[in-house]
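A look at the structure
Letter by letter, the chains look like this.
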Amino acid sequence: MILGHLCRRSVASAHCKKSSILNSVKSFSHWSQYEMGPPDPIVGLNEAFAADDSPLKVNVGVGAYRSDDGLPSVLPCVRQAEKLIMGQNLNHEYLGIVGDTQFVDLALKFAYGKDSRIFADNRVAGVQTLSGTGGLRVFGELLASKGGHKHIYVPNPTWGNHIPIFKNAGLEVRKYRYYDSARSDLEFENTIKDMEDMPEGSVVLLHACAHNPTGMDPSPEQWAQISKVMKEKKLLPFFDCAYQGFASGNAPQDAHAIRMFVEDGHLLATVQSFSKNFGLYGQRVGALSVVAANEAEAKKVLSQMKMTIRPMYSNPPKYGAQIVKTILSDERLTNDFIDQCKDMADRINAMRFSLRSALEEGQQDRSWEHVTKQIGMFAYSGLTKEEVTLLREKHHIYCTLDGRISMAGVTSGNVDYMANSIKDVIS
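Description of the structure in this document. Just so we're clear, the structure is a prediction, and the values are computed from it rather than from any experiment.

Now for the overall build of the chain. When helices and strands are counted, the chain shows 18 helices and 13 strands. Across the 427 residues in the chain, those meeting the buried criterion constitute 49%. Contacts in the chain between residues at least 24 apart in sequence constitute 74% of all its contacts with a sequence separation of at least 6. Of the roughly 21000 Å² of accessible surface on the chain, a fraction of 53% belongs to carbon and sulfur atoms.

Below you can see the structure in the form of C-alpha coordinates.
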(Lines give C-alpha, C1' and ligand atoms only; values in the text may rest on other atoms or scores of the structure.)
Protein backbone atom coordinates (compact mmCIF):
# COMPACT_ATOMS: atom_id res chain seq x y z
CA MET A 1 0.00 0.00 0.00
CA ILE A 2 2.69 2.45 1.08
CA LEU A 3 4.91 1.48 -1.85
CA GLY A 4 2.01 1.92 -4.31
CA HIS A 5 1.19 5.33 -2.84
CA LEU A 6 4.81 6.48 -3.15
CA CYS A 7 4.95 5.30 -6.76
CA ARG A 8 1.82 7.23 -7.63
CA ARG A 9 3.26 10.36 -6.01
CA SER A 10 6.51 9.88 -7.89
CA VAL A 11 4.70 9.49 -11.22
CA ALA A 12 2.51 12.54 -10.51
CA SER A 13 5.59 14.60 -9.61
CA ALA A 14 7.37 13.57 -12.80
CA HIS A 15 4.27 14.40 -14.81
CA CYS A 16 4.08 17.86 -13.23
CA LYS A 17 7.73 18.51 -13.98
CA LYS A 18 7.24 17.39 -17.58
CA SER A 19 4.18 19.63 -17.95
CA SER A 20 6.12 22.54 -16.49
CA ILE A 21 8.93 22.01 -18.97
CA LEU A 22 6.48 21.72 -21.87
CA ASN A 23 4.66 24.88 -20.80
CA SER A 24 8.00 26.67 -20.59
CA VAL A 25 8.88 25.51 -24.10
CA LYS A 26 5.46 26.51 -25.40
CA SER A 27 5.79 30.01 -23.92
CA PHE A 28 8.97 30.64 -25.90
CA SER A 29 8.48 31.79 -29.51
CA HIS A 30 10.99 32.51 -32.23
CA TRP A 31 8.49 35.00 -33.67
CA SER A 32 7.78 37.16 -30.63
CA GLN A 33 10.17 39.92 -31.76
CA TYR A 34 8.23 40.50 -35.01
CA GLU A 35 6.16 43.69 -34.96
CA MET A 36 2.92 44.23 -36.81
CA GLY A 37 3.72 45.86 -40.14
CA PRO A 38 1.68 48.78 -41.48
CA PRO A 39 -1.04 47.89 -44.01
CA ASP A 40 -0.20 48.39 -47.66
CA PRO A 41 -1.81 51.67 -48.81
CA ILE A 42 -3.69 50.05 -51.70
CA VAL A 43 -4.64 46.82 -49.88
CA GLY A 44 -5.82 48.82 -46.88
CA LEU A 45 -7.88 51.03 -49.17
CA ASN A 46 -9.52 48.00 -50.77
CA GLU A 47 -10.32 46.52 -47.36
CA ALA A 48 -11.93 49.77 -46.23
CA PHE A 49 -13.93 49.93 -49.46
CA ALA A 50 -15.12 46.32 -49.04
CA ALA A 51 -16.27 47.04 -45.49
CA ASP A 52 -18.23 50.14 -46.56
CA ASP A 53 -21.92 49.24 -46.97
CA SER A 54 -22.91 52.49 -48.71
CA PRO A 55 -24.62 51.94 -52.09
CA LEU A 56 -22.87 55.09 -53.32
CA LYS A 57 -19.32 53.89 -52.70
CA VAL A 58 -16.74 54.28 -55.48
CA ASN A 59 -13.26 52.75 -55.65
CA VAL A 60 -10.84 54.82 -57.71
CA GLY A 61 -7.72 53.63 -55.90
CA VAL A 62 -6.92 50.38 -57.70
CA GLY A 63 -4.74 50.54 -60.82
CA ALA A 64 -6.73 48.00 -62.83
CA TYR A 65 -9.00 48.60 -65.80
CA ARG A 66 -12.75 48.51 -65.33
CA SER A 67 -15.42 48.61 -68.05
CA ASP A 68 -18.04 51.35 -68.00
CA ASP A 69 -20.21 49.18 -65.76
CA GLY A 70 -17.40 49.19 -63.19
CA LEU A 71 -16.47 45.51 -63.57
CA PRO A 72 -13.19 43.76 -64.42
CA SER A 73 -12.81 43.16 -68.14
CA VAL A 74 -11.03 40.48 -70.18
CA LEU A 75 -10.00 41.42 -73.71
CA PRO A 76 -11.72 39.31 -76.39
CA CYS A 77 -8.32 38.66 -78.02
CA VAL A 78 -7.14 37.16 -74.71
CA ARG A 79 -10.15 34.83 -74.67
CA GLN A 80 -9.36 33.79 -78.24
CA ALA A 81 -5.73 33.12 -77.31
CA GLU A 82 -6.83 31.03 -74.34
CA LYS A 83 -9.00 28.86 -76.59
CA LEU A 84 -6.06 28.30 -78.94
CA ILE A 85 -3.77 27.40 -76.04
CA MET A 86 -6.27 24.95 -74.54
CA GLY A 87 -6.54 23.21 -77.92
CA GLN A 88 -2.80 22.55 -78.09
CA ASN A 89 -2.75 20.04 -75.20
CA LEU A 90 0.39 21.66 -73.76
CA ASN A 91 2.32 20.23 -70.82
CA HIS A 92 3.27 21.91 -67.57
CA GLU A 93 7.03 21.48 -67.68
CA TYR A 94 9.34 24.14 -66.23
CA LEU A 95 10.43 27.02 -68.40
CA GLY A 96 14.14 27.80 -68.46
CA ILE A 97 15.63 30.53 -66.31
CA VAL A 98 15.14 33.15 -69.03
CA GLY A 99 11.51 32.08 -69.51
CA ASP A 100 9.70 31.54 -72.79
CA THR A 101 12.28 32.68 -75.34
CA GLN A 102 9.71 33.28 -78.10
CA PHE A 103 7.71 35.46 -75.72
CA VAL A 104 10.87 37.38 -74.78
CA ASP A 105 11.70 38.00 -78.45
CA LEU A 106 8.18 39.26 -79.20
CA ALA A 107 8.07 41.39 -76.04
CA LEU A 108 11.35 43.11 -76.86
CA LYS A 109 10.28 43.82 -80.43
CA PHE A 110 7.01 45.22 -79.06
CA ALA A 111 9.02 47.76 -77.04
CA TYR A 112 12.00 48.55 -79.27
CA GLY A 113 10.35 48.02 -82.68
CA LYS A 114 10.90 44.90 -84.76
CA ASP A 115 13.17 46.78 -87.20
CA SER A 116 15.51 48.12 -84.52
CA ARG A 117 19.20 47.59 -85.30
CA ILE A 118 19.79 46.08 -81.88
CA PHE A 119 18.17 42.83 -83.06
CA ALA A 120 20.21 42.60 -86.26
CA ASP A 121 23.34 43.23 -84.19
CA ASN A 122 22.31 40.67 -81.52
CA ARG A 123 23.17 43.14 -78.79
CA VAL A 124 20.11 43.00 -76.56
CA ALA A 125 19.84 40.62 -73.60
CA GLY A 126 16.34 39.80 -72.39
CA VAL A 127 14.53 37.60 -69.87
CA GLN A 128 10.94 36.94 -68.87
CA THR A 129 10.11 38.32 -65.42
CA LEU A 130 7.37 38.27 -62.81
CA SER A 131 5.65 41.24 -64.39
CA GLY A 132 7.18 44.70 -63.98
CA THR A 133 7.67 44.39 -60.23
CA GLY A 134 9.79 41.26 -60.58
CA GLY A 135 11.80 42.81 -63.40
CA LEU A 136 12.52 45.88 -61.29
CA ARG A 137 13.81 43.73 -58.44
CA VAL A 138 15.98 41.59 -60.74
CA PHE A 139 17.51 44.69 -62.28
CA GLY A 140 18.07 46.26 -58.86
CA GLU A 141 19.91 43.12 -57.72
CA LEU A 142 21.87 43.05 -60.98
CA LEU A 143 22.98 46.66 -60.51
CA ALA A 144 23.96 46.24 -56.88
CA SER A 145 25.59 42.80 -56.93
CA LYS A 146 27.04 42.60 -60.44
CA GLY A 147 27.36 46.18 -61.67
CA GLY A 148 28.84 47.82 -58.60
CA HIS A 149 26.15 50.51 -58.46
CA LYS A 150 25.32 52.03 -55.09
CA HIS A 151 22.36 54.25 -55.92
CA ILE A 152 19.53 54.88 -58.36
CA TYR A 153 17.62 58.08 -59.14
CA VAL A 154 13.81 58.01 -59.37
CA PRO A 155 11.43 60.85 -60.26
CA ASN A 156 9.66 62.69 -57.47
CA PRO A 157 6.94 61.51 -57.24
CA THR A 158 7.08 57.95 -58.53
CA TRP A 159 5.17 54.70 -58.10
CA GLY A 160 5.24 53.94 -54.38
CA ASN A 161 6.67 50.44 -54.81
CA HIS A 162 9.76 51.64 -56.71
CA ILE A 163 11.44 52.87 -53.54
CA PRO A 164 11.19 49.71 -51.36
CA ILE A 165 12.01 47.48 -54.35
CA PHE A 166 15.32 49.22 -54.97
CA LYS A 167 16.13 49.65 -51.28
CA ASN A 168 15.57 45.95 -50.69
CA ALA A 169 17.87 45.24 -53.63
CA GLY A 170 20.63 47.11 -51.80
CA LEU A 171 20.52 50.47 -53.59
CA GLU A 172 20.30 53.95 -52.11
CA VAL A 173 17.26 55.65 -53.66
CA ARG A 174 17.75 59.27 -54.65
CA LYS A 175 15.12 61.54 -56.17
CA TYR A 176 15.15 64.07 -58.98
CA ARG A 177 12.55 66.77 -59.36
CA TYR A 178 9.82 65.93 -61.84
CA TYR A 179 6.39 67.33 -60.98
CA ASP A 180 5.24 70.63 -59.46
CA SER A 181 2.10 69.88 -57.46
CA ALA A 182 1.32 73.58 -56.99
CA ARG A 183 1.11 74.09 -60.77
CA SER A 184 -0.05 70.55 -61.62
CA ASP A 185 2.61 70.39 -64.28
CA LEU A 186 6.14 69.13 -64.97
CA GLU A 187 8.99 71.12 -63.47
CA PHE A 188 11.10 70.31 -66.49
CA GLU A 189 13.87 72.86 -65.97
CA ASN A 190 14.54 71.41 -62.52
CA THR A 191 14.49 67.87 -63.95
CA ILE A 192 17.24 68.83 -66.38
CA LYS A 193 19.19 70.68 -63.69
CA ASP A 194 19.06 67.68 -61.36
CA MET A 195 20.26 65.37 -64.12
CA GLU A 196 23.13 67.70 -64.92
CA ASP A 197 24.14 67.53 -61.25
CA MET A 198 24.06 63.71 -61.03
CA PRO A 199 27.38 61.85 -60.71
CA GLU A 200 28.55 60.32 -63.98
CA GLY A 201 27.42 56.74 -64.51
CA SER A 202 24.36 57.05 -62.26
CA VAL A 203 21.30 54.93 -63.03
CA VAL A 204 18.15 56.96 -63.70
CA LEU A 205 14.66 55.48 -63.66
CA LEU A 206 12.37 56.91 -66.33
CA HIS A 207 8.67 56.20 -66.88
CA ALA A 208 8.35 55.35 -70.58
CA CYS A 209 4.78 56.66 -70.79
CA ALA A 210 1.76 57.39 -68.57
CA HIS A 211 3.85 58.42 -65.57
CA ASN A 212 2.54 56.90 -62.35
CA PRO A 213 1.12 58.64 -60.34
CA THR A 214 0.98 61.99 -62.17
CA GLY A 215 -0.03 60.91 -65.69
CA MET A 216 2.18 63.74 -66.96
CA ASP A 217 4.80 62.84 -69.57
CA PRO A 218 7.54 64.92 -71.24
CA SER A 219 6.85 66.05 -74.80
CA PRO A 220 8.93 64.53 -77.65
CA GLU A 221 11.07 67.69 -77.60
CA GLN A 222 11.60 67.38 -73.85
CA TRP A 223 12.49 63.71 -74.20
CA ALA A 224 15.12 64.70 -76.76
CA GLN A 225 16.61 67.15 -74.28
CA ILE A 226 16.62 64.52 -71.52
CA SER A 227 18.39 62.10 -73.87
CA LYS A 228 21.04 64.70 -74.72
CA VAL A 229 21.79 65.54 -71.08
CA MET A 230 21.89 61.90 -70.02
CA LYS A 231 24.31 61.03 -72.80
CA GLU A 232 26.59 63.95 -71.96
CA LYS A 233 26.63 62.88 -68.30
CA LYS A 234 27.07 59.18 -69.16
CA LEU A 235 23.94 58.34 -67.19
CA LEU A 236 22.28 54.92 -67.52
CA PRO A 237 18.61 55.20 -68.58
CA PHE A 238 16.32 52.55 -67.09
CA PHE A 239 12.80 52.66 -68.54
CA ASP A 240 9.81 51.32 -66.65
CA CYS A 241 7.30 50.54 -69.40
CA ALA A 242 4.04 49.49 -67.75
CA TYR A 243 1.44 51.10 -70.03
CA GLN A 244 2.55 50.67 -73.65
CA GLY A 245 -0.53 50.90 -75.86
CA PHE A 246 -2.73 51.58 -72.86
CA ALA A 247 -1.66 55.22 -72.50
CA SER A 248 -2.44 56.73 -75.89
CA GLY A 249 -4.02 53.72 -77.57
CA ASN A 250 -0.99 53.57 -79.89
CA ALA A 251 1.78 51.15 -78.83
CA PRO A 252 4.57 52.57 -81.05
CA GLN A 253 3.74 56.10 -79.90
CA ASP A 254 3.90 55.05 -76.26
CA ALA A 255 7.37 53.55 -76.91
CA HIS A 256 8.64 56.76 -78.50
CA ALA A 257 11.07 57.67 -75.71
CA ILE A 258 12.62 54.18 -75.53
CA ARG A 259 13.13 54.01 -79.29
CA MET A 260 14.54 57.54 -79.42
CA PHE A 261 17.08 56.76 -76.72
CA VAL A 262 18.20 53.63 -78.60
CA GLU A 263 18.58 55.66 -81.81
CA ASP A 264 20.58 58.23 -79.84
CA GLY A 265 23.05 55.49 -78.90
CA HIS A 266 22.16 54.90 -75.25
CA LEU A 267 23.03 51.50 -73.80
CA LEU A 268 19.90 51.32 -71.69
CA ALA A 269 17.66 48.90 -69.84
CA THR A 270 13.89 48.43 -69.99
CA VAL A 271 11.39 46.59 -67.82
CA GLN A 272 7.99 45.79 -69.33
CA SER A 273 4.70 44.81 -67.76
CA PHE A 274 1.81 43.24 -69.65
CA SER A 275 -0.66 43.64 -66.79
CA LYS A 276 -2.37 46.85 -67.90
CA ASN A 277 -2.24 46.70 -71.70
CA PHE A 278 -3.25 43.03 -71.98
CA GLY A 279 -5.36 43.01 -68.81
CA LEU A 280 -3.33 40.11 -67.41
CA TYR A 281 -3.04 41.44 -63.86
CA GLY A 282 -3.04 38.09 -62.12
CA GLN A 283 -0.71 36.32 -64.56
CA ARG A 284 2.43 38.35 -63.71
CA VAL A 285 3.81 38.69 -67.23
CA GLY A 286 6.84 40.89 -67.83
CA ALA A 287 10.25 41.20 -69.44
CA LEU A 288 13.59 42.80 -68.59
CA SER A 289 16.11 43.73 -71.27
CA VAL A 290 19.48 45.41 -71.56
CA VAL A 291 20.86 47.00 -74.74
CA ALA A 292 24.59 46.30 -74.82
CA ALA A 293 27.46 47.61 -76.94
CA ASN A 294 27.90 44.35 -78.88
CA GLU A 295 26.85 40.70 -79.01
CA ALA A 296 29.59 39.47 -76.67
CA GLU A 297 28.64 42.03 -74.03
CA ALA A 298 24.95 41.10 -74.34
CA LYS A 299 25.78 37.43 -73.73
CA LYS A 300 27.73 38.31 -70.58
CA VAL A 301 24.87 40.45 -69.26
CA LEU A 302 22.37 37.66 -69.98
CA SER A 303 24.53 35.20 -68.03
CA GLN A 304 24.49 37.55 -65.03
CA MET A 305 20.73 38.00 -65.31
CA LYS A 306 20.35 34.22 -65.13
CA MET A 307 22.65 34.05 -62.11
CA THR A 308 20.50 36.70 -60.41
CA ILE A 309 17.20 34.98 -61.20
CA ARG A 310 18.16 31.38 -60.35
CA PRO A 311 18.39 31.78 -56.54
CA MET A 312 15.55 34.33 -56.50
CA TYR A 313 12.64 32.47 -58.14
CA SER A 314 14.39 30.02 -60.48
CA ASN A 315 12.11 30.47 -63.48
CA PRO A 316 8.88 32.30 -64.38
CA PRO A 317 5.35 30.92 -64.90
CA LYS A 318 4.13 29.83 -68.33
CA TYR A 319 0.50 30.66 -68.84
CA GLY A 320 0.44 34.46 -69.10
CA ALA A 321 3.49 34.48 -71.38
CA GLN A 322 1.75 31.93 -73.62
CA ILE A 323 -1.23 34.26 -73.94
CA VAL A 324 0.89 37.27 -74.94
CA LYS A 325 3.02 35.12 -77.26
CA THR A 326 -0.08 33.70 -78.95
CA ILE A 327 -1.46 37.18 -79.59
CA LEU A 328 1.74 38.88 -80.74
CA SER A 329 2.70 36.00 -83.03
CA ASP A 330 -0.65 36.09 -84.85
CA GLU A 331 -1.35 39.06 -87.15
CA ARG A 332 -5.11 38.92 -86.74
CA LEU A 333 -4.97 38.66 -82.96
CA THR A 334 -2.36 41.42 -82.82
CA ASN A 335 -4.66 43.73 -84.81
CA ASP A 336 -7.54 42.78 -82.50
CA PHE A 337 -5.36 43.59 -79.50
CA ILE A 338 -4.45 47.00 -80.95
CA ASP A 339 -8.12 47.84 -81.47
CA GLN A 340 -9.20 46.57 -78.05
CA CYS A 341 -6.35 48.28 -76.23
CA LYS A 342 -7.30 51.53 -77.96
CA ASP A 343 -10.88 51.04 -76.82
CA MET A 344 -9.67 50.93 -73.19
CA ALA A 345 -7.52 54.04 -73.67
CA ASP A 346 -10.37 55.89 -75.41
CA ARG A 347 -12.81 55.10 -72.59
CA ILE A 348 -10.40 56.41 -69.98
CA ASN A 349 -9.66 59.54 -72.00
CA ALA A 350 -13.40 60.14 -72.46
CA MET A 351 -13.85 59.91 -68.69
CA ARG A 352 -11.09 62.50 -68.24
CA PHE A 353 -13.04 65.01 -70.29
CA SER A 354 -16.31 64.13 -68.60
CA LEU A 355 -14.80 64.51 -65.13
CA ARG A 356 -13.13 67.80 -65.99
CA SER A 357 -16.31 69.17 -67.53
CA ALA A 358 -18.37 68.19 -64.49
CA LEU A 359 -15.79 69.66 -62.10
CA GLU A 360 -15.67 72.96 -63.95
CA GLU A 361 -19.44 73.34 -64.08
CA GLY A 362 -20.34 76.17 -61.72
CA GLN A 363 -16.93 76.08 -60.02
CA GLN A 364 -14.23 78.60 -60.87
CA ASP A 365 -11.95 78.53 -57.80
CA ARG A 366 -9.65 75.78 -59.02
CA SER A 367 -8.32 74.79 -62.44
CA TRP A 368 -8.93 71.23 -63.62
CA GLU A 369 -7.08 71.53 -66.92
CA HIS A 370 -4.44 69.08 -65.72
CA VAL A 371 -7.00 66.24 -65.66
CA THR A 372 -7.13 66.23 -69.47
CA LYS A 373 -3.44 67.09 -69.96
CA GLN A 374 -2.49 63.90 -68.15
CA ILE A 375 -2.52 60.47 -69.79
CA GLY A 376 -2.91 56.83 -68.86
CA MET A 377 -4.51 55.06 -65.92
CA PHE A 378 -4.28 57.82 -63.33
CA ALA A 379 -5.27 61.43 -62.74
CA TYR A 380 -3.17 63.29 -60.19
CA SER A 381 -6.05 65.36 -58.91
CA GLY A 382 -4.26 67.86 -56.69
CA LEU A 383 -6.55 67.01 -53.77
CA THR A 384 -4.91 67.32 -50.36
CA LYS A 385 -4.70 64.49 -47.84
CA GLU A 386 -7.42 66.19 -45.79
CA GLU A 387 -9.70 66.52 -48.81
CA VAL A 388 -9.14 62.87 -49.76
CA THR A 389 -10.00 61.78 -46.21
CA LEU A 390 -13.17 63.87 -46.22
CA LEU A 391 -14.09 62.50 -49.64
CA ARG A 392 -13.86 58.99 -48.21
CA GLU A 393 -15.64 59.67 -44.93
CA LYS A 394 -18.45 61.85 -46.26
CA HIS A 395 -19.01 60.57 -49.79
CA HIS A 396 -17.58 57.00 -49.73
CA ILE A 397 -15.14 57.68 -52.58
CA TYR A 398 -11.83 55.87 -52.15
CA CYS A 399 -8.57 57.10 -53.70
CA THR A 400 -4.99 57.14 -52.41
CA LEU A 401 -4.01 59.84 -49.93
CA ASP A 402 -1.85 61.65 -52.49
CA GLY A 403 -5.00 62.40 -54.50
CA ARG A 404 -4.28 59.90 -57.26
CA ILE A 405 -7.49 58.84 -58.97
CA SER A 406 -7.66 55.70 -61.07
CA MET A 407 -9.58 56.88 -64.11
CA ALA A 408 -10.47 53.26 -64.85
CA GLY A 409 -12.84 53.40 -61.89
CA VAL A 410 -14.64 56.46 -63.25
CA THR A 411 -17.74 55.55 -65.27
CA SER A 412 -20.57 57.34 -67.02
CA GLY A 413 -22.72 56.24 -64.08
CA ASN A 414 -20.60 57.76 -61.28
CA VAL A 415 -18.70 60.66 -62.87
CA ASP A 416 -21.24 63.33 -61.87
CA TYR A 417 -21.44 61.99 -58.31
CA MET A 418 -17.65 62.06 -58.10
CA ALA A 419 -17.40 65.60 -59.45
CA ASN A 420 -20.08 66.91 -57.10
CA SER A 421 -18.45 65.18 -54.16
CA ILE A 422 -15.02 66.63 -54.98
CA LYS A 423 -16.52 70.11 -55.32
CA ASP A 424 -18.17 69.66 -51.94
CA VAL A 425 -14.94 68.73 -50.09
CA ILE A 426 -12.88 71.57 -51.62
CA SER A 427 -15.51 74.26 -51.06
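From this point on, the discussion continues.
All right, on to the environment of tyrosine 179 then. Within the element layout of this structure, tyrosine 179 appears in strand 5 (residues 179-180). In the structure, tyrosine 179 is positioned 124 residues away from serine 303 in sequence and 38 Å away in space, judged by C-alpha atoms.

In terms of burial, strand 8 (residues 236-241) is a largely internal element, six of the six residues being buried. Neither face of strand 8 is exposed, since Leu236, Phe238 and Asp240 on one face and Pro237, Phe239 and Cys241 on the opposite face are all buried. Pairing of strand 7 (residues 203-207) with strand 8 involves five bridges; the strand directions are parallel. Opposite leucine 206, over in strand 8, you have phenylalanine 239 as the bridge partner. Taken together, strand 7, helix 9 (residues 220-232) and strand 8 constitute a β-α-β crossover, and its handedness is right-handed. As paired strands, strand 8 and strand 9 (residues 269-273) are joined by four bridges and run parallel to one another. Bridging across to strand 9, phenylalanine 239 finds its partner in threonine 270.

Taken as a whole and assessed by the stated rule, the structure comprises zero disulfides. Sulfur of cysteine 241: no disulfide; nearest cysteine sulfur belongs to cysteine 209 and is 5.2 Å away.

Another aspect to go through is the sheet that holds strand 10 (residues 285-291). The seven strands are arranged 2-10-9-8-7-3-4 in an open sheet whose pairing can be described as mixed. With partners counted over all chains shown, the strands left at the sheet margins are strand 2 (124-130) and strand 4 (172-177), one partner each. Pairwise comparison of adjacent strand axes, ignoring direction, gives a mean angle of 25° for this sheet. Bridging between strand 3 (residues 151-156) and strand 4 involves six bridges; their strand directions are parallel. Residue pairing for strand 4: tyrosine 153 is matched across the bridge by arginine 174. Sheet strands touched by helix 4 (residues 101-112): strand 2, strand 9 and strand 10. Its angle to strand 10, the strand with the most contacts, is close to 70°. Seen against the sheet, helix 11 (residues 256-263) touches strand 7, strand 8 and strand 9 and runs at an angle of roughly 155° to strand 8.

The next subject is helix 3 (residues 76-86). Residues spaced three or four apart along an α-helix point in a common direction, a consequence of the helix completing one turn every 3.6 residues. Where helix 3 is concerned, the buried positions are Cys77, Val78, Ala81, Glu82 and Ile85. Relative to the axis of helix 3, the buried residues are bounded by an arc of 145° and lie together on one face. Of the residues in helix 3, the exposed ones pointing more than 90 degrees away from the buried face are Lys83 and Met86. On its buried face, helix 3 is in contact with helix 12 (275-278), helix 14 (319-328) and helix 15 (331-360).

Turning to helix 4, a few remarks are in order. The end-to-end C-alpha distance of helix 4, which contains 12 residues, comes to 16 Å, matching closely the 16 Å that a straight helix rising 1.5 Å per residue would cover. By the burial criterion, the buried members of helix 4 are Phe103, Val104, Leu106, Ala107, Leu108, Phe110, Ala111 and Tyr112. The backbone nitrogen of glutamine 102 has a side-chain oxygen 3.1 Å away, supplied by the residue at the start of helix 4, namely aspartate 100. Phi turns positive one or two residues past the end of helix 4, at glycine 113, with a value near 95°.

It is worth spelling out the nonpolar core at this point. By size, the foremost hydrophobic cluster in this structure holds 93 residues, and its most contacted members are Tyr112 and Met195. The leading source of residues in this core is helix 15, at nine residues. In contact with tyrosine 112, not counting residues within four places along its chain, are Ile118, Phe119, Val124, Ile258, Arg259, Val262, Leu268, Thr270, Ser289 and Val291. With 27 residues, the next largest nonpolar core counts Leu136, Leu143, Val290 and Ile309 among its residues.

Pairing is possible between side chains that carry opposite charge, provided their charged atoms lie close to one another. In total, this model carries 20 salt bridges according to the counting rule given. The partner of aspartate 100 in a salt bridge is lysine 325, and the shortest N-O contact between them spans 2.8 Å. Here aspartate 100 is found in the loop between helix 3 and helix 4, whereas its partner lysine 325 is found in helix 14, with 225 residues between them in sequence. A single burial state applies to aspartate 100 and to lysine 325, both of which are buried. With its nearest N and O atoms 3.0 Å apart, the salt bridge here joins arginine 183 to aspartate 180. Several salt bridges converge on common partners, so that one network encompasses Asp180, Arg183, Asp185 and Lys373.

Another aspect to go through is the packing of aromatic side chains. Across all of its chains, the model carries 17 aromatic pairs by this definition. Between phenylalanine 110 and phenylalanine 278, the ring centres sit 6.4 Å apart and the planes meet at 65°, which makes this aromatic pair edge-to-face. Of this pair, phenylalanine 110 sits in helix 4 while phenylalanine 278 sits in helix 12, placing them 168 residues apart in sequence. Across the pair, exposure class does not vary: phenylalanine 110 and phenylalanine 278 are buried alike.

Here is the key point about a regular strand: its side chains alternate between the two faces of the sheet. Of all five residues making up strand 7, five are buried, and the element is well covered by its neighbours. Alternating residues of strand 7 divide into Val203, Leu205 and His207 and Val204 and Leu206, and every residue in both groups is buried. Judged from the two bridges that link them, strand 3 and strand 7 form a sheet pairing that is parallel. Paired with tyrosine 153 across the two strands is valine 204, which belongs to strand 7.

Reading guide: rules and limits
Residues numbered from 1 in each chain as written. Predicted model: local features only at pLDDT ≥ 70, side-chain atom pairs only at ≥ 80, totals over all residues. Heavy atoms only, no water. Helix = DSSP H or I, 4+ residues; strand = E, 2+ residues; numbered from the N terminus. Buried < 20%, exposed > 50% of the residue type's maximum accessible area, 1.4 Å probe, protein only. Contact = heavy atoms within 4.5 Å. Areas by Shrake-Rupley, 256 points an atom, 1.4 Å probe, with all protein chains shown as cover. Pairing = 2+ DSSP bridges. Right-handed = clockwise from strand over helix to strand, strands pointing away. Disulfide = S-S within 2.5 Å. Axes fitted to C-alpha atoms, helices over the stretch in contact; angles between N-to-C directions. Arc of directions from axis to C-beta. Expected span 1.5 Å × (residues − 1). Polar contact = N/O pair within 3.5 Å; in protein donor to acceptor, adjacent residues only side chain to side chain. Core = buried A, V, L, I, M, F, W, Y, C linked by side-chain atoms within 4.5 Å. Salt bridge = Lys/Arg side-chain N within 4 Å of Asp/Glu carboxyl O. Phe/Tyr/Trp six-rings, centres within 6.5 Å; stacked < 30°, edge-to-face > 60°.

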